[in-house]
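Observations on chain architecture
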Amino acid sequence: MFEAQREACVAAALAGGRALVPYFRKLEPGTVTEKSKNDYVSDADRASEAAIKAELDLRFPQYSFLGEETGASGENSRVWIVDPLDGTLNFVQGFPHWCVSVALWDAQGPVVGCVWDPLREDLFLATRGEGATWNGQPMSISQQSGLDGAFLATGFAFQLGERFKLFTKALEATFYRAKGIRRAGSAALDLAHVAAGIYDGFFELGLQKWDMAAGVLLVQEAGGLISDWEGGEGWFESGSVIAGNLWVQQELVDAFKE
Ligand code: IPD
Ligand code: CA
Ligand code: CA
């Protein structure tokens, strides 16, 4: 099912990547602006979102759209949720770790999701109920048996404010148990890497819908679980996400409760 939507999702993510690559390490400093403190936007973000939106509008003009840079439009219950460049700060600094995230959601949740990493040519794709693939091959979540010895990813955006204290408690609860914890700067790519079995788990507070709309479906369809920091279902609204396989995800939830 959803063959045409999946094709559109991939075509849009690739179009975003084609728009971004020429800017990488070639951005004019004057074209980077600070939306709020430490939250940057560049000509690259805008060019990518325009390319993605054009591709989606061509194929599914009736669907609604929610993009980080252009906001929400449309009344249809099916909505494309787009982060045209996840990892903007990395991109602006020339750190080669960023991606494009495109997902379609309906009233039941995510329908298709695509994360595209143009520098590595890694395409992560999932369709609801049909599994997830990494460059066309089926992918599945890691088999790590629990938090002890797990390889984790996290993020801590500057916008966390007072919640940073909550984050540091979580970090303390995982630090002595995990094998390693990475903060690479692209939540969408972190989730894709959890789905691919590279990371055993991921946690972050304060994500936006476009950061996670595609990545959560990748994780779920690869056999993983998503919850908020209390272990509940409110993650999409709150932006507080814990992802991982059955054992790691549950042990992260338990560790954060203590
Ligand atoms: C950010 C990245 C980062 C995460 C932030 C996001 P952006 O997205 O995903 O890893 O920690 O919460 O805002 O601003 O680069 O699209
Ligand atoms: Ca983002
Ligand atoms: Ca972004």
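Treat the numbers as computed from the prediction; the structure is a model and nothing was measured.

It is worth spelling out the pattern of salt bridges at this point. For the structure shown, the criterion picks out 11 salt bridges. Measuring nitrogen to oxygen at the nearest pair gives 2.4 Å for the salt bridge that ties Glu-3 to Arg-6. Taken together, the residues span about one helical turn, with Glu-3 and Arg-6 both in helix α1 (residues 3-20) at a distance of three residues. Given a relative accessible area of 43%, Glu-3 falls into the partly exposed group. Across the pair Asp-148 and Arg-177 runs a salt bridge, and its minimum N-O distance is 2.9 Å. Residue Asp-148 is found in the loop between β10 (137-138) and β11 (151-155), and its partner Arg-177 is found in the loop between α4 (164-175) and β12 (180-182); the two are separated by 29 residues along the sequence. Judged by its relative accessible area of 48%, Asp-148 is partly exposed. Its relative accessible area of 29% is what places Arg-177 among the partly exposed residues.

As a further point, take the sheet that holds strand β15 (residues 241-244). In spatial order, the strands read β12-β11-β13-β15-β14; together these five strands make up an open sheet with mixed pairing. The open sheet has two edge strands, β12 and β14 (225-227), and neither has a second partner. Put simply, the sheet's adjacent strands are angled 15° from each other on average, direction ignored. Relative to strand β13 (residues 201-204), β11 runs parallel, the two sharing four bridges. Looking at the pairing, Ala-153 lines up with Phe-202 of β13. Here helix α5 (residues 187-195) sits on the sheet in contact with β11, β13 and β15, set at roughly 155° to β13. Where helix α6 (residues 209-221) meets the sheet, it contacts β14 and β15, and its direction lies at approximately 135° from that of β14.

This paragraph deals with the nonpolar core. Counting residues in each nonpolar core, the largest one holds 38 residues, and the members touching the most others are Val-115 and Phe-202. Elements that contribute at least two residues to this core include exactly β6 (99-106), β8 (122-127), α5, α6, α7 (235-238) and β15. At eight residues, the largest contribution of residues to this core is made by α6. Both domains that meet at this core, namely domain 1 (3-138) and domain 2 (151-257), each give it at least three residues. When near neighbours in sequence (up to four residues on either side) are disregarded, Phe-202 contacts Ala-153, Thr-154, Gly-155, Ala-187, Asp-190, Leu-191, Val-194, Leu-207, Val-241, Ile-242, Ala-243 and Leu-252. Within the second largest apolar cluster, 30 residues are counted, among which are Ala-8, Ala-13, Ile-52 and Trp-98.

On to the domain arrangement of the chain. Domain annotation of the chain identifies domain 1 (3-138) and domain 2 (151-257). Distance between the C-alpha centres of domain 1 and domain 2: 20 Å. Between domain 1 and domain 2, the residue contacts involve 39 residues of the former and 26 residues of the latter. Each partner contributes to the roughly 2300 Å² buried at the junction of domain 1 and domain 2, and carbon and sulfur atoms together form 71% of this total.

We now examine the coordination of the calcium ion (ligand 2). Bound to the calcium ion (ligand 2) on the protein side are Asp-83 (OD), Asp-86 (OD) and Asp-211 (OD), at distances that span 2.1 to 2.2 Å. Look at where the donors of the calcium ion (ligand 2) fall in the sequence and you get D-x2-D-x124-D. Metal-to-metal, the separation of the calcium ion (ligand 2) and the calcium ion (ligand 3) is 3.7 Å; Asp-83 coordinates the two. Across this residue pair, the class does not change: Asp-83 and Asp-86 are buried.

The next point concerns the coordination of the calcium ion (ligand 3). Protein-derived ligands of the calcium ion (ligand 3) are Glu-68 (OE), Asp-83 (OD) and Leu-85 (O), with the metal-ligand distances lying across 2.2 to 2.4 Å. Taken in sequence order, the residues that donate to the calcium ion (ligand 3) follow the motif E-x14-D-x1-L. Overall, the relative accessible area of 1% leaves Leu-85 in the buried class.

Moving on to the site of ligand 1. Around ligand 1 sit 14 residues in total, of which Asp-86, Gly-87, Thr-88, Arg-183 and Glu-204 are the nearest. Between ligand 1 and the protein, one listed contact pairs an oxygen atom with a side-chain N or O atom of Glu-68 at 3.4 Å. Here an oxygen atom of ligand 1 and a backbone polar atom of Gly-87 are 2.7 Å apart. Bound to the protein, ligand 1 loses 86% of the 380 Å² it would expose on its own. Here the shell around ligand 1 takes three residues from strand β5 (residues 79-86), the largest share from any one element. Its residues assigned to classes, the shell around ligand 1 shows four nonpolar, four polar and six charged. Summarising the domain contributions, the shell around ligand 1 has at least three residues from each of domain 1 (3-138) and domain 2 (151-257).

Conventions we followed
- Residues numbered from 1 in each chain as written.
- Chains lettered and ligands numbered in written order.
- Predicted model: local features only at pLDDT ≥ 70, side-chain atom pairs only at ≥ 80, totals over all residues.
- Heavy atoms only, no water.
- Salt bridge = Lys/Arg side-chain N within 4 Å of Asp/Glu carboxyl O.
- Helix = DSSP H or I, 4+ residues; strand = E, 2+ residues; numbered from the N terminus.
- Buried < 20%, exposed > 50% of the residue type's maximum accessible area, 1.4 Å probe, protein only.
- Pairing = 2+ DSSP bridges.
- Axes fitted to C-alpha atoms, helices over the stretch in contact; angles between N-to-C directions.
- Contact = heavy atoms within 4.5 Å.
- Core = buried A, V, L, I, M, F, W, Y, C linked by side-chain atoms within 4.5 Å.
- Domains from an automatic or database assignment.
- Buried area = accessible area lost by both parts, 1.4 Å probe.
- Donors = N, O, S within 2.8 Å, 3.2 Å for Na, K, Ca; no water.
- Near = heavy atom within 4 Å.
- Polar contact = N/O pair within 3.5 Å; in protein donor to acceptor, adjacent residues only side chain to side chain.
- Areas by Shrake-Rupley, 256 points an atom, 1.4 Å probe, with all protein chains shown as cover.
- Nonpolar A, V, L, I, M, F, W, Y, C, P; charged D, E, K, R; others polar.

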